Amino acid sequence: MGIFQKAVGYFTKKATVSLEEYFCKLQVDFVYRKFAIETCIDLIANAMSKAEFKSYEDGKNKKNDLYYRLNVAPNKKNNATEFRKKLIRRLIFYNEVLIVSPSNNSSEIFIADSWDVTEYALKDDVFSQVQINNIVLDREFLESDVIYIKYADQQIRQLVDAYYQAYGKLISSAMNVYKRSNARRYVLKGNLFRSQDNTTQDQINKMMTSQFKAFMEADNAGAVFQLQNEYTLEDFSGNFQSNSRDIKNLIDDIFEMTAAAFHVPKNLLKGDMSGLSDQVDAFLMFEIIPIAELIQDAFNASLYEAEEYLSGNFVRVDTTMIKITSFKDLVDAIDVGIRNGVFTINEGRERVGNDRSDKAMADEIFITKNNQQVSKGGEANDDNENISSSKE
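Residues numbered from 1 in each chain as written. Predicted model: local features only at pLDDT ≥ 70, side-chain atom pairs only at ≥ 80, totals over all residues. Heavy atoms only, no water.

Honestly, the sheet that holds strand β12 (residues 314-318) in this entry has me stumped. Any pointers?
Paired through their backbone hydrogen bonds, the strands of a sheet run either parallel or antiparallel. With antiparallel pairing, the three strands of this open sheet are ordered in space as β2-β1-β12. Looking at which strands have only one partner, the edges of the open sheet turn out to be β2 (60-62) and β12. Shown here is a sheet whose adjacent strand axes are inclined to one another by a mean of 45°, direction ignored. Relative to β12, strand β1 (residues 52-57) runs antiparallel, the two being bridged by five bridges. Along β12, the bridge assignment pairs Y56 with F314. (Pairing = 2+ DSSP bridges. Helix = DSSP H or I, 4+ residues; strand = E, 2+ residues; numbered from the N terminus. Axes fitted to C-alpha atoms, helices over the stretch in contact; angles between N-to-C directions.)

As structure tokens, this is what we get:
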């Protein structure tokens, strides 16, 4: 009965896994997807930090208090760059962002870390238990009093995680195959039928454990093995060598899936600078501009009524400064823009990073004569090359 119980116990006992082994397995499944997602978030957040939030009143661009909050310091604790990076991170990781102003007497805005919401079909939802850092605000917020941004119907991060579950196991398996295939393999030949006295057995154990371990350690620059008489050691490792291409291909698949999910060009995600201009254009078109418009629409819907918006009061996210252009190309484009009335001299100076000019003509719109109406061509301002008008 004792032998039977031992046999049953051997085949039915539950496996015990150490914490170190468990977290090592988790690390293999987690580290690559975490790195890919974090890289995407950083790319998107860094790009959005270069955008400018412009505030308009009656159709005119105004640098008012809202402009200051959105571009300089939303509150005393964060600057605009920190605020936007936190916004993007929460938008991607949690699929939603809640922006509130704790006090009606202050224009400061904060990103909430957690909240409860009571949803209604035909009236404003109510947000309660709103937490900012370690403080839970002792008030409720109506939906019309906050800025609530929802990214998509489903959380992209969860969808990506679902794909990664299988790939994490494949990578772990490929790593194990790689280690097994590249392990040193030896055949020990000799008279293994020996007397089982303690002295002889201790010598064999010493040879098979401590001596072999020092000899086989990969970290040793060199090692000497004292082989006992009547034994030979043959190396069979050369027949099982393999490379790490399978592992790299699986990791590349993870990055490509992540890039597709976040609409980031895969070469840009991997740090490949070939065709950078085209990659940035695609990145702006399919990811940055849609997110900028989503944030822009959320602010406009929360801050302005329909009549105010139609009267020219709104917020616009300018993404034209995200892509870096060479100075020569930028100056040439500005020259064409100024001559064709696209923007003023001061607006052109701002685009190259220069200060605005105090001269009145720097705020005027210029149009070359060849862009005048046909009926007026050559009839007026013959002494001037450009037709100018004050910018309204």
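How should I be thinking about the pairing of strand β9 (residues 147-150) in this particular structure?
One face of the sheet, then the other: side chains in a regular strand alternate in exactly this way. The alternating pattern of β9 places I147 and I149 on a buried face, while none of Y148 and K150, on the opposite face, is buried. Bridge analysis of strand β3 (residues 96-100) against β9 gives four bridges, and the strand direction is antiparallel. Bridge pairing in β9 links I99 to I147. (Buried < 20%, exposed > 50% of the residue type's maximum accessible area, 1.4 Å probe, protein only.)

Looking at this structure, how should I read the nonpolar core?
Grouped burial of nonpolar side chains is what soluble globular proteins tend to show. Of all hydrophobic cores here, the largest spans 45 residues; its most connected members are I44, L87, I88, I99, I149, I288 and I295. Those elements giving two or more residues to this core turn out to be α2 (19-48), α4 (80-94), β3, β9, α7 (245-262), α8 (266-270), α9 (276-303) and β12. It is α9 that provides the largest number of residues to this core, a total of nine residues. Beyond its immediate chain neighbours, meaning those up to four positions away, I44 contacts I88, I92, F262, F283, E287, I288 and I291. (Core = buried A, V, L, I, M, F, W, Y, C linked by side-chain atoms within 4.5 Å. Contact = heavy atoms within 4.5 Å.)

When you look at the pairing of strand β6 (residues 126-132) in this model, what are you seeing that I'm missing?
Burial analysis of β6 places five of its seven residues in the buried class, the great majority of the element. With four bridges connecting them, strand β5 (residues 114-118) and β6 associate as antiparallel partners. Following the sheet pairing, D116 is matched in β6 by S128. The pairing of β6 with strand β8 (residues 141-142) spans two bridges and is antiparallel. Across the sheet, V126 pairs through a bridge with L142, a residue of β8. Note: β6 against strand β7 (residues 135-136), two bridges, orientation antiparallel.

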